[in-house]
Amino acid sequence: MKTTTLGQGLSTSALGLGCMGMTFAYPGAEERASLATIDRALECGVTFLDTADIYGPETNERLVGRALRGRREQVVLATKFGGRSLEDPRRAPDGRPEYVPRACDASLRRLGVDVIDLYYQHRVDPQVPIEETVGAMAELVEAGKVRWLGLSEAGAATIRRGHAVHPIAAVQTEYSLWTRDLEVEILPTLRELGIGLVAYSPLGRGFLTGTIRSPEDLAENDWRRNNPRFQGENFTRNLELVDRVRALADRKGVTAGQLALAWALARGPDIVPIPGTTRPERIDENVAALDVTLTAEDLHTIDELAPLGAAAGDRYPSPMMGLLNG
C-alpha cells in the first residue's frame, strides 16, 4: 500500500475507507459484512478509517470500535463531532467550546480507544467563532486524547483562522469528478498552508461507478433519493456524464469507479480519497485504482468530459447546503 502524509506529519495509507454507510444513510448494510469489509481493508493495507458520532447516531463509532479490538495500532482512526449536538438536537451544528471535550470523551468510549488520530469538526458552527472551537480542540491534543485536528466542509477563510490557532492536518470535503468546486479557492488555500485534503464521496455516492442506472435502483429508504443529483432531469444529465467517464474507463480496461479514484489520486499526493463500501470485494477493486496510470492526455480528456460544474443539481438538499464551506 502506498502511503502519504497529511499536514505536518500524519502518515496514512494513500486510500482510506469511509465507514458511514455501514450504519447510516444507505440501507441494507449488515454488521457481519461491514466487519468483513474493514478486515479486508486492513489486509490490503487500507489503514485510514473514517467515522463520525452522528452516523447512526453513535452506532457507526461502536461498529468501528468492535472492528479495531486487538489491532488498534494498525489503524489511523478519524472521527468527527459537532455536525449535530448529541446532547441538544436543537443545535446543528454545535461548535461550543464546552461541548467539544464532552463529545470527544463520548467518542473515545464508543470507539473503545484512548486516543483519536484525527479529530474533525464535522460542520462549522456559524454561532461560534472558529477560534473558540479550534482552541477547545487544541486542548484535546494537549491532554493526549487527540493527535491531529481537522475541519470538515469549512470555507477558505475559516480554514485560515482555525489553522492560525492550532495546525490543521486535514480538511475533509466532498471531492470527485462531479464535485470540483473546491478547486477554485479551498484547495489552493490548503496547499498554501500545507494542509491535506481528505476527499469523501470520491465515487459520487456510488453514481460514478456506473452501477446506478435509475432512481428505482435505490431502495425506498435510501438517503440518495432525497439528493438533488439523483432526481428527475438531474439524474438523466448526470447519467450522461457517467456514461462518458465509463467509456474512457472501458478503453483503459478499468472500471468507472477505478477511473474516478485514479483521477482523485492523480490530483496530488496531499489528497486521500475515502470511498465507502460495505462489501469486501469492493475493497479489492478500489485498491486496484492505485495501480491505474493516467497519462496527461487521459487527464485532459477527463477535464473535457467532467469539467468543474459538470454535475446537474446541488450535492445536498437545500437545508443542508447552507452548512457547506462554512
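See the structure shown above.
Residues numbered from 1 in each chain as written. Predicted model: local features only at pLDDT ≥ 70, side-chain atom pairs only at ≥ 80, totals over all residues. Heavy atoms only, no water.

Peer 1: Can you walk me through the pattern of salt bridges in this structure?
Peer 2: When their charged atoms lie close together, side chains carrying opposite charge are able to pair. Across all of its chains, the model carries 33 salt bridges by this definition. Among the ionic pairs, Glu 43 bridges to Arg 40, the shortest N-O distance being 3.0 Å. Of the two residues, Glu 43 and Arg 40 both sit in helix H1 (residues 31–43), three residues apart, roughly one turn of that helix. With relative accessibility at 58%, the residue Glu 43 sits in the exposed group. Residues Asp 88 and Arg 90 are paired through a salt bridge, measuring 3.0 Å at the closest nitrogen-oxygen approach. Overlapping salt bridges bring together Glu 58, Glu 61, Arg 62 and Arg 110 as one network. (Salt bridge = Lys/Arg side-chain N within 4 Å of Asp/Glu carboxyl O. Helix = DSSP H or I, 4+ residues; strand = E, 2+ residues; numbered from the N terminus. Buried < 20%, exposed > 50% of the residue type's maximum accessible area, 1.4 Å probe, protein only.)

Peer 1: What should I look at first to understand H1 in this one?
Peer 2: Since one α-helical turn is 3.6 residues long, residues separated by three or four positions face the same way. Between its first and last C-alpha atoms H1 spans 18 Å; for 13 residues at 1.5 Å apiece the expected length is 18 Å, and the two agree. Where the residues of H1 are buried, they touch strand S3 (16–18), strand S4 (48–50), helix H2 (59–68) and helix H9 (280–288). Remark: Gly 45 follows H1 within two positions and exhibits a positive phi of approximately 90°. (Expected span 1.5 Å × (residues − 1). Contact = heavy atoms within 4.5 Å.)

Peer 1: Could you clarify how one ought to interpret the packing of aromatic side chains in this entry?
Peer 2: Enumeration over the complete set of coordinates arrives at eight aromatic pairs. Centroid distance Phe 207 to Phe 235: 4.9 Å. Interplanar angle 55°. Geometry classified as tilted. Here Phe 235 lies in helix H7 (residues 232–252) and Phe 207 lies in the loop between strand S9 (196–200) and H7, a separation of 28 residues in the sequence. This pair shows no difference in class: Phe 207 is buried, exactly as Phe 235 is. With centroids separated by 5.8 Å and ring planes inclined at 65°, the aromatic side chains of Trp 223 and Tyr 316 adopt a geometry described as edge-to-face. With Trp 223 in the loop between S9 and H7 and Tyr 316 in the loop between helix H10 (296–305) and helix H11 (318–321), this residue pair connects regions lying 93 residues apart in the sequence. For the residue pair Trp 223 and Tyr 316, the accessibility class agrees, reading buried in each case. Through a chain of ring-to-ring contacts, the aromatic side chains of Trp 178, Phe 207, Phe 230 and Phe 235 assemble into a single cluster. The ring of Tyr 26 is capped by Arg 224, whose NZ or CZ atom sits 4.5 Å from the centre of that ring. (Phe/Tyr/Trp six-rings, centres within 6.5 Å; stacked < 30°, edge-to-face > 60°. Lys NZ or Arg CZ within 6 Å of the ring centre and 35° of its normal.)

Interpretation note: all reported values are geometric properties and have no functional meaning in isolation.
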